[in-house]
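Read off the chains here:
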Amino acid sequence: MVTSADFIGPSPQDEFVRALETEDIIGCVLRLHLHIEELLAVFINSSITIETAKIITLPQNFSHKVQLATAFGMPVEMGLATLELNGLRNKLGHRLGHQLRREDVFKFAEKVDALREALFMSDPSVMVSAIELYGKGSGKRQFGEGDPIWDFKITAGLFYGWMLRYLSLIHI
């Protein structure tokens, strides 16, 4: 049986925190996207049996990974939040000068909150959450009360945590 500690190997917690702490918006979004992509790969690889491995391989394309993971039973809400994150990453990574917009981050937060409602209803909503990164001495940041990058960091951090929790609940 794989434990939640096994997930930290390919995506060390300290690297995740460093991604949250960076002031480089594109770097932050890309690094957090990579951490989520790693969890998708773990889910897919754990779903492929010896028999199906003769036919199914891990796709290179991110949206194909989301589609395959969803076909293997990943909650639709998790897939939709993952695709929303991918859309944010693509806007920043492929459009010179594109800025992280509050309305884009809010759409991502809504998708992540739908995941919370489906799987972890007793947890507080993304919209009332906060983050404090001690390494940077940033102080506590509340969702919706500052720069969109902080709302993104809050949302992505919760999303990553809920994905890890889901994977541990299904014993991957």
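See the structure printed just above.
Scope of this entry: the structure provided in the associated data block. (Residues numbered from 1 in each chain as written. Predicted model: local features only at pLDDT ≥ 70, side-chain atom pairs only at ≥ 80, totals over all residues. Heavy atoms only, no water.)

1. Some thoughts on helix H6 (residues 102-119)
For the record, the criterion: We count a stretch as a helix when DSSP gives it H or I for four or more residues in a row; a strand needs E for two or more, and each element gets its number in order from the N terminus. Expected helix span is computed as 1.5 Å times (number of residues minus one). For each residue, the accessible area found with a 1.4 Å probe, counting protein chains only, is set against the maximum for its type, and the residue is called buried under 20%, exposed over 50%, and partly exposed in between.
Taking 1.5 Å of rise per residue, 18 residues should cover 26 Å, and H6 covers 26 Å from first to last C-alpha, within 8% of that figure. Those residues of H6 that fall on the buried side of the exposure criterion are Asp104, Val105, Phe108, Ala109, Val112, Asp113, Leu115 and Arg116.

2. Let's talk about the packing of helix H3 (residues 25-47) against helix H4 (residues 62-71)
Selection rule: Only the contacting stretch of a helix is used when fitting its axis, a line to C-alpha atoms as for every element, and angles between N-to-C directions run 0 to 180 degrees. With respect to orientation, any angle under 35 degrees is reported as roughly parallel, any angle over 145 as roughly antiparallel, any angle of 65 to 115 as roughly perpendicular, and every other angle as oblique. Left-handed describes a crossing whose near helix is turned anticlockwise from the far helix by less than a right angle; the clockwise case is right-handed. Note on definitions: a residue-residue contact is assigned when non-hydrogen atoms from the two residues lie within 4.5 Å. Amino acids are sorted into nonpolar (Ala, Val, Leu, Ile, Met, Phe, Trp, Tyr, Cys and Pro), charged (Asp, Glu, Lys and Arg) and polar (every other residue, Gly among them).
For the pair H3 and H4, interaxial distance at closest approach is 10 Å and the crossing angle is 40°. Looking at the two axes, H3 sits oblique to H4. H4 is crossed by H3, and the crossing has left-handed handedness. Along its contact with H3, which presents His33, Glu37, Leu40, Phe43 and Ile44, the element H4 presents Phe62, Lys65, Val66, Leu68 and Ala69. When its residues are assigned to classes, the contact of H3 with H4 shows 7 nonpolar, 1 polar and 2 charged.

3. Considering the packing of aromatic side chains
Short version of the rule: For Phe, Tyr and Trp, where Trp contributes only its six-membered ring, two rings pair if their centres lie within 6.5 Å, and the inter-plane angle classes them as stacked under 30 degrees, edge-to-face over 60, or tilted in between. Comment: the charge-over-ring label is applied if NZ (Lys) or CZ (Arg) is within 6 Å of the ring centre and within 35 degrees of the ring normal.
Under the criterion given, the structure shown has 3 aromatic pairs. Taking 6.5 Å as the distance between ring centres and 35° as the angle between the ring planes, the aromatic pair formed by phenylalanine 43 and tyrosine 166 counts as tilted. Of this pair, phenylalanine 43 sits in helix H3 while tyrosine 166 sits in helix H7 (residues 148-169), and the two are 123 residues apart along the sequence. One aromatic cluster is present, built from ring pairs that chain together Phe108, Phe152 and Phe159. One Lys or Arg, lysine 153, reaches over the ring of tryptophan 150 and ends 4.5 Å from the middle of that ring. For arginine 165, the ring lying beneath its charged end belongs to phenylalanine 120, and the centroid distance is 3.9 Å.

In short, geometric facts, not functional conclusions.
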